[in-house]
Amino acid sequence: MIGICRYSFFVFLFFVFISGNACAREKSEAIRLHNADAAADLFRYFSEHTVPADKREAFVAGKLFHARKDWAPAEQHLRNAADANDGWRDEALFLLADVCGQLGKTNEQEECLQTIARHASGGSFYPRALDRVIQIRLARGETIPARELAPAASFTEIAARNTGQYLLAAAKQSEKDDAAAAREYLVRALCLPPGEGWGEAIVDTGLEWASRGQLVPNDILDLASALTTLKRDKEALAQLSQLEQKSLDPALRARLLDIRCWLERRMRAWDRCAATIADLDLLAAQNPGSDMRFTSMRLRFLLNQARGDFNGQLAAARTMRAENWADAAIWRRALIADCKEIHQRMALALEYLDIWKNDFAIEQKLRDDVIALWLENKPEIALAMTEKALDRIQDHGLRSALVYFRSLAKNTEAGAAILEAPLGLYHYHLRNLPPNDKIAAEALETNCSWQRMASLSFLASPDMRETIFTAMRSRFSTLPDRELLLLSDEIDFDVLAAILPVSAHKVFKQLVRAELWPEALAEITRRFSPGGTVLTQQAPKTLAMLARLAARGAQYNVELWCYYRVLLSCGWQNNLAAVERACGQTIFPRLYPRHYDALIRYWSEYFALDPDLVFALTRQESAFARRIGSWAGAQGLMQLMPATAEGTAKSLKMAKYDLFNPNDNIRLGCGVLAWLTKTYPSDPASVLIGYNAGAGNISRWKTAYRAQYGKEASLDRLSETIPYRETKDYIRLVLSGYMVYKYLGENENTY
């Protein structure tokens, strides 16, 4: 009997273990679908399963139903999730507040927000909730103490409009009790970027306080600056005039003259503006070692720019450089942009690049001007300028364009362009060249670097390529750090937490433990956007781990940005193909992924398209971010305009579609590409022009080329004469990406 009981007990434990594992698998499947941003599959999952008891899964379900605007189940799941004192609690409450607002439960809405504010977790939803709570209280006419308003105004997540409103209210409430604090609040408000309405209220208060003598001279200059920004010029001049009657120290006097000069220039009072600059020159002479001299030169440059005196601009820019000021490059760059005459512009660009190296924007202008000479059939001038430009341009993609046109003009080995930028646009133009082992063998006899060797391998036959790889391996110690190229998928979450304020570490680590990757990533990106100063300055290994976190949360645009910043930080961006060859397929698969592989391959085959071109186009359009939208209104993975999508859907007989659904978006995008490909067969430039800038521009730009140059436009020439920089770069980037995807496909199982 005892043996039977013991046997039954073990059977019971076995079934508990099995059912427990089944539940764990069920939970992990919901979280996996959430982390992969697979909304349709996740909705299907929750439709087929009971209401989740697990708080983490309830949170995921609540977010899904909130996104679908299905308020009743959203409320149910979010209330369940918000009971847990875990990292997602603030977000669950914040979404629940929105749901309550939609359902007309205003008291419960405010209570949710108040709970987040009281909780003060340090998470990214805390300042947002605090902001809304204060807005609700102000709308009710409550008086909020300055000690509550001022801390709220310190959060960068709160809109400048609200920050200004809070600082102004804090200043007015502190005016009687603490004049110094009140003045500080007002000055902080004056220094914000002023907007309509609230900016006016701030400067009006500033004017009132100035009239009562409550502002010191530096505050009045802040007030005058704010008035200038709001284009209340007469009032700004009045404040400056009153201030001039007082004894000011040289620094304040210089700032006053700076503001006055801006006002006089806007009023087109050229003589008065020149006199103000002369006063500043005199002040600078009396205060050697200050930055007043540079300020006067900057103002003189802007004055000459405003009245169209290019020679005056040039003289001011050269004076700035002669004084060796660090900011002189800014004004030289502006000078080149203002120069209308092509030869003078090229001379200025060459002079600029002699001093300030690796400026891509100036290199790009110089390249465009030199190619314009080639297109205008001025070979002798173009050749001379090409040689000068190649001595200064560092970017290999830009160099390859010049080498390509030079090669065509001289009828020499055009494969040299491949050596400049393997897998770039001009490699695409030259892709049918036969292997040239002679060039590779001759170069190998010299003591060339591994970067040069890797580039040579793109020109060579398979046998010669192996010889090159052998030579590269012999110098393996000089190759890049392979581990930095993200061969591992491990993440040190302590390193990522260090990006955040200390108060947010707990929330971030709780989200990590729950494996809610999109939310963990958002704790960083809601505060510090990719492209901003904080993330840009992170160490390469930190960016690498941030990219891995983004990949886990299906935030592929953030992932690609982080990988690219790793390359920039290491200085590899101009040797990308070389590093890839040398290290053996480590960079390109990360920078050129095949997300949504099954869908892209299916619809590419359905429409008889090359899937590698669709991958390259999707990467360029959205960086594989499915929910992204553009300023022009394009939506989804392949960035379709709603009107284009509607017309294509009718032709494909799609009654319903969602541009943020990957399947629908890729199907419609491939449909557009298929139509363009049939309309312009064997003409990828026209296909891409049509996709990016509209089909109407194709014939317009081809006609313009024919009228200017007297012949039909070839792909390489048409892509260089498109008037829209965006479209010109788009063709270059998509076709370069197409070459990389081709390369990856051909070398999938090789070194």
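Residues numbered from 1 in each chain as written. Predicted model: local features only at pLDDT ≥ 70, side-chain atom pairs only at ≥ 80, totals over all residues. Heavy atoms only, no water.

## Concerning the overall build of the protein
Across its full length, the protein carries 43 helices and 0 strands. Along the three orthogonal principal directions, the C-alpha set of the protein runs to about 110 × 85 × 55 Å. Buried positions account for 51% of the 751 residues belonging to the protein. Restricting to contacts in the protein with at least 6 residues of sequence separation, those with at least 24 account for 59%. Carbon and sulfur atoms form 52% of the exposed surface of the protein, whose accessible area is close to 35300 Å². Positive and negative side-chain charges in the protein, numbering 92 and 91 respectively, have mean positions lying 2 Å apart. (Helix = DSSP H or I, 4+ residues; strand = E, 2+ residues; numbered from the N terminus. Buried < 20%, exposed > 50% of the residue type's maximum accessible area, 1.4 Å probe, protein only. Contact = heavy atoms within 4.5 Å. Areas by Shrake-Rupley, 256 points an atom, 1.4 Å probe, with all protein chains shown as cover. Lys, Arg positive; Asp, Glu negative; His and termini not counted. Charge placed at Lys NZ, Arg CZ, Asp CG, Glu CD.)

## Focus on the environment of Y738
Checked against the element boundaries, Y738 lands in helix α43 (residues 725-746). Assessed through its relative accessible area of 15%, Y738 is described here as buried. Along the backbone, Y738 and R89 are 649 residues apart, and their C-alpha atoms lie at a distance of 44 Å. If we skip the residues at most four places from it in the chain, Y738 touches Y428, D610, D612, L613 and A616. A distance of 2.6 Å separates the side chain of Y738 from the side chain of D610, its partner in a polar contact. (Polar contact = N/O pair within 3.5 Å; in protein donor to acceptor, adjacent residues only side chain to side chain.)

## Here we look at the environment of D131
Positionally, D131 belongs in helix α7 (residues 125-139). Residue D131 is classed as buried on the basis of its relative accessible area of 12%. Taking the C-alpha atoms as reference, D131 lies 9.3 Å from E157; in sequence the two are 26 residues apart. Once you skip the residues sitting within four places of it in the chain, D131 turns out to touch I158, N162 and Y166.

## Focus: the packing of aromatic side chains
Counting across every chain of the model gives 24 aromatic pairs. Aromatic side chains F94 and F125 sit 5.1 Å apart centroid to centroid with 55° between the ring planes, which places their arrangement in the tilted category. Of this pair, F94 sits in helix α5 (residues 89-102) while F125 sits in helix α7, and the two are 31 residues apart along the sequence. A relative accessible area of 7% places F94 in the buried class. (Phe/Tyr/Trp six-rings, centres within 6.5 Å; stacked < 30°, edge-to-face > 60°.)

## A look at the side chain of R619
By secondary structure assignment, the location of R619 is in helix α37 (residues 611-622). E559 provides the closest opposite charge to the buried, salt-bridge-free R619, at an N-O distance of 9.5 Å. Here L591 takes part through its backbone oxygen, which lies 2.7 Å from a polar atom of the side chain of R619. Look past the residues within four positions of R619 in its chain and what remains in contact with it is L560, L591, Y592, F624 and Y741. (Salt bridge = Lys/Arg side-chain N within 4 Å of Asp/Glu carboxyl O.)

## Focus: the packing of helix α12 (residues 217-229) against helix α14 (residues 250-266)
Interaxial distance between α12 and α14 falls to 11 Å at its minimum, and their mutual angle equals 15°. The pairing of α12 with α14 is recorded here as roughly parallel in orientation. Regarding α12 and α14, the two cross each other, and that crossing is left-handed. In this structure, α12 uses P217, N218, L221, D222, A224, S225 and T228 to contact α14, whose residues at the interface are L252, R255, L256, I259, L263 and R266. For the contact of α12 with α14, a count of residues per class yields 7 nonpolar, 3 polar and 3 charged. (Axes fitted to C-alpha atoms, helices over the stretch in contact; angles between N-to-C directions. Parallel < 35°, antiparallel > 145°, perpendicular 65-115°, else oblique. Left-handed = near helix turned anticlockwise from the far one by under 90°. Nonpolar A, V, L, I, M, F, W, Y, C, P; charged D, E, K, R; others polar.)

## Some remarks on empty space enclosed by the protein
Following the criterion strictly, the structure yields 4 cavities of 30 Å³ or more and no others. Its boundaries defined by the atoms lining it, the second largest cavity holds a volume of some 60 Å³. In terms of lining, the second largest cavity is formed by G87, W88, D90, E91, G123, S124, F125, V507, L511, E519, E523 and R526. Its residues assigned to classes, the lining of the second largest cavity shows 4 nonpolar, 3 polar and 5 charged. (1 Å grid on protein atoms, 1.4 Å probe; cavity = no way out; pocket = protein on both sides within 12 Å on 5 of 7 lines; lining within 4 Å. Points joined across faces, edges and corners; volume = space filled by probe spheres on them.)

## Structural notes on the packing of α5 against helix α6 (residues 106-119)
Contact geometry for α5 and α6: axes closest at 7 Å, N-to-C directions at 160°. The orientation of α5 relative to α6 falls into the category roughly antiparallel. Viewed along their axes, α5 and α6 form a crossing whose handedness is left-handed. Taking contact as the criterion, the partners of R89, D90, L93, F94, L96, A97, C100 and G101 in α5 are, on α6, E108, Q109, C112, L113, T115, I116 and H119. Of the residues that constitute the contact of α5 with α6, the class distribution is 8 nonpolar, 4 polar and 3 charged.

## A look at the nonpolar core
L496 and F508 are the most contacted members of the largest nonpolar core, which has 194 residues in total. The greatest single-element share of this core, amounting to 10 residues, is contributed by α43. Counting 59 residues, the second largest nonpolar core, distinct from the first, contains A210, A236, L240 and A284. (Core = buried A, V, L, I, M, F, W, Y, C linked by side-chain atoms within 4.5 Å.)

## A short note on the pattern of salt bridges
If you walk through the whole model with that rule in mind, you get 56 salt bridges. One salt bridge connects E235 with R232, and the closest N-O pair in it is separated by 2.6 Å. Residue R333 is joined to D359 by a salt bridge in which the shortest nitrogen-to-oxygen separation is 3.1 Å. One end of the pair, R333, is in helix α18 (residues 328-338); the other, D359, is in the loop between α19 (342-355) and α20 (360-375), with 26 residues separating them in the sequence. You can call R333 partly exposed: its relative accessible area is 34%. Accessibility expressed as a relative area gives 13% for D359, which makes it buried.

## Remarks on the side chain of S296
Take S296: it is sitting in helix α16 (residues 292-306). Those residues within four positions of S296 in sequence are excluded, and the remaining contacts are I277, L280 and D281.

## Remarks on the confidence of the model for the protein
On average, the protein scores 89 in pLDDT, and the residues at 70 or more come to 94%. Segment residues 1-26: pLDDT under 50, and 3 contacts once partners within four positions in sequence are set aside and those in other chains are kept. (pLDDT = per-residue confidence, 0-100.)

## Re unusual backbone geometry
Positive phi values are uncommon outside glycine, yet N377 reaches one of about 55°. Take N377: it is sitting in the loop between α20 and α21 (379-390). Residue classification places N377 among the exposed positions, given a relative accessible area of 54%. Unlike most non-glycine residues, A554 shows phi in positive territory, near 60°. Counting through the fold element by element, A554 comes out in the loop between α32 (540-552) and α33 (556-570). Note on A554: relative accessible area 7%, which makes it buried.

## Some words on α12
One turn of the α-helix equals 3.6 residues, which is why residues spaced by three or four share an orientation. Given a rise of 1.5 Å per residue, 13 residues ought to cover 18 Å, and the 18 Å separating the end C-alpha atoms of α12 matches this to within 8%. The complete set of buried residues in α12 reads D219, I220, L221, D222, L223, A224, A226, L227 and T228. In the core, the buried residues of α12 are packed alongside α10 (179-190), α11 (198-211), α13 (233-244) and α14. Just beyond α12, the residue with positive phi is K231, at close to 60°. (Expected span 1.5 Å × (residues − 1).)

## Some details on the environment of R601
Position of R601 among the secondary structure elements: in helix α36 (residues 597-606). Judged by its relative accessible area of 35%, R601 is partly exposed. In this structure, the C-alpha to C-alpha distance between R601 and S699, residues 98 residues apart in sequence, is 31 Å.

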